[in-house]
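# Architecture and fold: a report
In case you want the letters, here they are:
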Amino acid sequence: MNNPEQHPIPPQQALEKLHQAIALDQQRGWLNAPVMIGIHTGGVWVAQWLHQQMALSEPLGVLDISFYRDDFDRAGLHPTVRPSHLPCSIEGRDVILVDDVLFTGRTVRAALNEIFDYGRPHKVGLAVLYQRDGRELPICARWSGQDLNLAPGAHIKLSGPEPLGVELKNPNQ
Amino acid sequence: MAVNFVRPKIPKFTPDPWAIQFDQHGNLKHLLTIEGISPQWITRILDTAEGFVSVTDREVKKVPLLRGRTVVNLCFESSTRTRTTFELAAKRLSADVLNINLATSATKKGESLLDTLRNIQAMQADMFVVRHEQSGAPHFIAQHVEPHVSVINAGDGWHAHPTQALLDAFTVRRHKGDFAPLRIAIVGDVLHSRVARSQIHVFNSLNVGELRVIAPRTLIPQDIEHMGVRVFHDMRAGLRDVDVIIMLRLQRERMDAGLLPSEEEFYRLYGLTEEKLAWAKPDAIVMHPGPANRGVEIESRVADGPQSVILEQVSNGIGVRMAAMSLCMGRKGGES
């Protein structure tokens, strides 16, 4: 992470930075006719905005990773499970996987496992609105709206979808 | 000639069957009957099933949720459809599955139910899916299993068949949406049908507009009105304005002589033909828990016709059973 900050910038600002970062990679030819997939719930909100801005030809895909979580033994099934839906084949395609906050990396791990049960993409790039510290797995976002280094125990939570809001929860303050 | 006919009574099943279905944290642990399962829990099972049904549209029709767990199908009574859909559901959840047909094995050699159970439990089972010809057997088993083991009732005697009722509710919801404005008719051998009893509980719990049963007097249990249904003995009156018709199998193997003059007469009066189907709403759907006796309770042209959702019920059964299994086995703050 470059120059991580301690406070999240407003979501709209982060969305625009994230969009710019993806667009730059697209101009460089890293992405070819990408398919976008958002992770329920916050990731879908972010993906909807990006999808519209980028005017992608394929409809937006949505993933609910409840069936792929690694804490089923301790936490059980998530109380609200929604169907995952990928509207086109991802076989051999470039995929932009979108989430709101990258923290431990476990959600992204679960999402990658689920994506590969639909097919074998050519490549997957991870786009997150906020990338914060606290990774428990070797996972890093290719594009982020903001990199954050939060105080111990602090969390950021996105609210939405209209308008998108962000809240920093710091139990020590 | 005046005949003083007394309707047969449902066998009594008295112990409190529902408290045991939840653990001390309020999580679903066993699924033995619809009774005692709140509408919120029923809706949660149906919503979760929606997620699992979407899995079957994919290249890889499997999720890793129950990897490393063992599900044991205990069939004390023969069954094809229910056993195979439970087996497929468990396999699609990545569980290991054992099918034990006890209708033809140890119990016939005199082993007691508890001994059989303990032996299978020693094989490190995490879930028993129980089908038994005696009402209350899955409940008895649930009382005696180790704390980490869950039990799902796959049909017990005349008592209950909760996953069948849930998949029926799921199928109705997919076609009709909201339950409140619906009229649903359950037709045929209600007396011997555990499916009908569970359906009545599930649809009443989900606040269906009107629930009807249509059958000859001899095939309806006494006092069934107390379960919240309207009783009809005439098909034309019973099917009027109905949105969903659920035909039941005429259970010839459970039928004591004398309840029906003949199957032919039953078909003439209650068999669902195209002509009788026209008495319901034009967009009514036709359901049957299977296996259907064609030419006894349903005409082939109706069973295979455009209003029939019978095969869809079978497919939906897999998703609903995946939901029931994963909710029972994924207990928050589990007791094991």
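Residues numbered from 1 in each chain as written. Chains lettered and ligands numbered in written order. Predicted model: local features only at pLDDT ≥ 70, side-chain atom pairs only at ≥ 80, totals over all residues. Heavy atoms only, no water.

## A word on the pairing of strand β1 (residues 35-39) of chain A
Residues and elements named next belong to chain A. The condition is simple: A 1.4 Å probe rolled over the protein chains alone gives each residue an accessible area, and that area as a share of the maximum for its type sets the label: buried under 20%, exposed over 50%, partly exposed in between. The secondary structure listing takes helices from DSSP runs of H or I that are at least 4 residues long and strands from runs of E that are at least 2 residues long, numbered from the N terminus. At least two DSSP bridges between two strands are needed for those strands to be called paired. For a crossover, the right-handed case is the one in which the path from the first strand over the helix to the second runs clockwise, viewed with the strands pointing away from the viewer.
The buried count for β1 comes to five of five residues, which makes it a mostly enclosed element. Burial along β1 is two-sided: the face carrying Val35, Ile37 and Ile39 and the face carrying Met36 and Gly38 are both buried. Two strands pair when backbone bridges link them, and β1 and strand β3 (residues 94-102) are joined in this way by four bridges, in the parallel orientation. Within the sheet, the bridge partner assigned to glycine 38 lies in β3 and is valine 98. By the bridge criterion, three bridges tie β1 to strand β2 (residues 61-63) in an arrangement that is parallel. Along β2, the bridge assignment pairs isoleucine 39 with leucine 63. Between the parallel elements β1 and β2, the chain passes through helix α2 (residues 42-54) in a crossover that is right-handed.

## What about the interface of chain B and chain A?
Applied cut-off: Every residue pair with non-hydrogen atoms within 4.5 Å of one another is taken to be in contact. Here's the idea: put two parts together, see how much 1.4 Å probe accessible area each one loses, and the total over both is what we call buried area. For this analysis, a salt bridge means a side-chain nitrogen from Lys or Arg found within 4 Å of a carboxyl oxygen belonging to Asp or Glu. The term polar contact refers here to a pair of N or O atoms within 3.5 Å; inside protein, the definition further demands a hydrogen-donor-capable atom paired with an acceptor-capable atom, and it admits residues adjacent in sequence only when both atoms are side-chain atoms. In this classification, Asp, Glu, Lys and Arg are treated as charged, Ala, Val, Leu, Ile, Met, Phe, Trp, Tyr, Cys and Pro as nonpolar, and every other residue, Gly included, as polar.
Counting residues at the interface gives 24 residues for chain B and 18 residues for chain A. Summing both sides of the interface, chain B and chain A together bury roughly 1600 Å²; the carbon and sulfur share of this comes to 60%. Connecting chain B to chain A are three salt bridges. The tally of links between chain B and chain A comes to five residue pairs in polar contact (both at pLDDT 80 or more). In terms of residue count, helix α1 (residues 39-55) of chain B provides more of the side of chain B that touches chain A than any other element does, eight residues in total. Considering only residue class, the side of chain B that touches chain A consists of nine nonpolar, six polar and nine charged.

## Some thoughts on the side chain of B:Asp23
Residues and elements named next belong to chain B. Of note, aspartate 23 is situated in the segment before α1. In this structure aspartate 23 comes out as buried when scored by relative accessible area, which is 8%. A distance of 2.8 Å separates a polar side-chain atom of aspartate 23 from the backbone nitrogen of histidine 25.

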